[in-house]
Amino acid sequence: MSSGKSNPLARIPGVDTILGADEAAPLIAKYGHTKLVQCIRDQLSTIRAGLQRTPDSPIPTASDLLAEVENTLSHLNQGSLQTVLNLTGTVIHTNLGRSQLPQAAIDQISAVAAAASNLEYDISSGKRGDRDSHTEQLLAELTGAEAATIVNNNAAAVLLVLNTLARNKQVPVSRGELVEIGGSFRIPDIMSGSGCTLVEVGTTNRTHLVDYQNAINTETAMLMKVHTSNYEIQGFTKSVDEAALASLAHENNLPFVTDLGSGTLIDFGPHGLPPEPTVQQAVTNGADIVTFSGDKLLGGPQAGIIVGTKELVNRIKSNPLKRALRVDKMTIAALFEVLKQYRNPETVISNLPTLRHLTRSQADIKKTAEHLKPILQSAVGTCATTETVECQSQIGSGSLPTALIPSWGIKICPVLSDSGSSHEQLLQQIIVAFRNLPLPMIGRVQDSALIFDVRTLDDASAVTDQLPLLPL
Ligand SMILES: *Cc1c(COP(=O)(O)O)cnc(C)c1O
């Protein structure tokens, strides 16, 4: 650094001088001349502004300036989306990206991303094809429905179904099912957004068949049931089951639509989890259209899956909004690979990470926790105590809302030192330290301690390899 008193602005190196410095050439090669010049100019105006405020500041050399510019550029190129370790105990965590895909799906995503494909091309006839054709038969086979179509997510599926079948008409829905899913998906808002009129029937805790009967008139477009996926009403409750609603709809020549939310294809009962209605059951119960998510209990990519009768699905497919909500080739490739796993009930659970995590044995989780505990203890040193503890995982994403599944984790509790920091402050420091690792470890706070639930940790070395970097 050089510093001067008279006219400091005149002594700042110019753009050409900076570009002529030895350090500039590799930066031009890496980031391009235009971007580099732009960044240098930004940097120079920051320095000028600084010098006007405090004329005694040191004047940076070209090398100083380029080092700063390189910092900025490499930071910009880092992007913000990165992988993390979900040790929160919530298996399908919306904020942490929901389901993790099996390798077969990842391979197919890469394959179709890297080359041209027959996304909408029928190879046998040489004519234009339909992007739904790649998953439709398999979905029909697995769910028992006649037809299927895929959109961006389940919110889009519900929107498209309502807009196609009920625009400018009425849809009765039970007051007990007017759900809000995180991130502003609210049934009343989706109704108005798709151009339909919601007719609330029954009460929050009790809705009877006669409530729907009384709501049906010439303006009614369909009957609809929404799976109350993220809460449960307990006590004096009554709701009308799918089969009864389907019959009532059909007696009145109306379609019956059910939004399952998670929509599983297998019965979780035998795997120690509370029962969740399956898509097949909804179809058997007489639903003409069923919508569900691709990345919740199904364990696939983000998508909204619509299955139902050929006639209704064809109407949905030809809605112009479908084009705005459609999925891309990577989603279709991944979804097919995930759905394919369901053809083999003996291996589907071990092959799909979401299902494997949800059903992982206690003994296995405990083993991972016991393996990690001493390693974590040496990483935190005297800052904290560690302990292997029983804890409870959640399924997440509004699936099986009240279900807690017993699990194992490591509890990290700060040790008070003479630094004067409070327990809360020390706990925060520890949480931030784990979050600042190259692969951030996201746990949850419970009883004033940090808990890492290891149910979702497949490979302990992902944790142990980076612990020497723990900034504690
Ligand atoms: C999760 C959920 C949705 C929204 O699904 P996304 O795939 O997140 O768009 C809609 N309805 C219900 C009942 C849900 O549980």
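Everything discussed here concerns the structure shown above.
Residue indices follow the written sequence of each chain, beginning from 1 at its first position. Residue-level local features of this predicted model are given only where pLDDT is at least 70; pairs of side-chain atoms are given and counted only at 80 or more, and the full residue set underlies all totals for whole chains, interfaces and linings. Neither water nor hydrogens contribute to the side-chain values; these are computed over all heavy atoms in the structure.

We now examine the overall build of the protein chain. Under the DSSP-based scheme used, a helix requires at least four consecutive residues in state H or I and a strand at least two consecutive residues in state E, with every element numbered from the N terminus. The helix and strand inventory of the protein chain stands at 19 helices and 17 strands. The C-alpha extent of the protein chain, read off along each of the three principal axes, is 90 × 55 × 45 Å. Contacts between residues were defined by any pair of non-hydrogen atoms, one from each residue, lying within 4.5 Å. The long-range fraction of contacts in the protein chain, counting pairs at least 24 apart against all pairs at least 6 apart in sequence, stands at 73%. Per-residue and other accessible areas were derived by the Shrake-Rupley procedure at a 1.4 Å probe size, with only the shown protein chains allowed to occlude residues. On the protein chain, roughly 22400 Å² of surface is accessible, and the fraction owed to carbon and sulfur atoms is 50%. None of His or the chain ends enter the tally, which takes Lys and Arg as positive and Asp and Glu as negative. Positions of charges follow a simple convention, taking NZ of Lys, CZ of Arg, CG of Asp or CD of Glu. Averaging the positions of the 37 positive and the 46 negative side-chain charges in the protein chain gives two centres separated by 4 Å.

Classification of residues uses two cut-offs on accessible area relative to the type maximum, computed with a 1.4 Å probe and protein chains only: under 20% is buried, over 50% is exposed, and between them is partly exposed. Among the 5 residues that make up strand β4 (residues 147-151), 5 are buried, leaving the element largely enclosed by the rest of the structure. Residues Ala 147, Thr 149 and Val 151 line one face of β4 and the alternating positions Ala 148 and Ile 150 line the opposite face, and both faces are buried. Note on pairing: two strands pair once DSSP finds at least 2 bridges between them. Examined bridge by bridge, β4 and strand β12 (residues 304-308) share 5 bridges and lie antiparallel to one another. Each residue of the ladder has a partner; that of Val 151, found in β12, is Gly 304.

By nonpolar core is meant a set of buried Ala, Val, Leu, Ile, Met, Phe, Trp, Tyr and Cys residues that side-chain atoms within 4.5 Å join together. If you look at the biggest cluster of nonpolar residues, it comprises 53 residues, and the most contacted ones within it are Val 290, Phe 292, Val 307 and Tyr 342. Considering each element in turn, this core owes the most residues, 5 residues, to helix α14 (residues 329-341). A domain split of this core shows at least three residues from each of domain 2 (85-93 + 359-469) and domain 3 (103-351). Ignoring any residue separated from it by four or fewer positions in sequence, one finds Tyr 342 in contact with Leu 142, Leu 265, Ile 266, Leu 297, Leu 298, Val 348, Leu 352 and Leu 355. With 30 residues, the next largest nonpolar core counts Leu 160, Leu 162, Met 224 and Ile 316 among its residues. Annotation comment: domain bounds sourced from an automatic or database domain assignment.

Here a cavity denotes grid points, spaced 1 Å and computed from the protein atoms alone, that fit a 1.4 Å probe unable to get out, and a pocket denotes an open set having protein on both sides within 12 Å along at least 5 of 7 lines; residues with an atom within 4 Å of a point are the lining. Grid points are joined across faces, edges and corners, and a volume is the space filled by probe spheres set on the points. Tallying each qualifying case throughout the model produces 1 cavity of 30 Å³ or more. What the largest cavity holds in volume is close to 40 Å³. Lining the largest cavity are Asn 86, Val 91, Ile 92, Arg 98, Ser 99, Gln 100, Pro 353, Thr 354, His 357 and Thr 456. Element by element, the count of residues in the lining of the largest cavity is highest for helix α16 (residues 353-359), at 3 residues.

These values are about where atoms sit, not about what they do.
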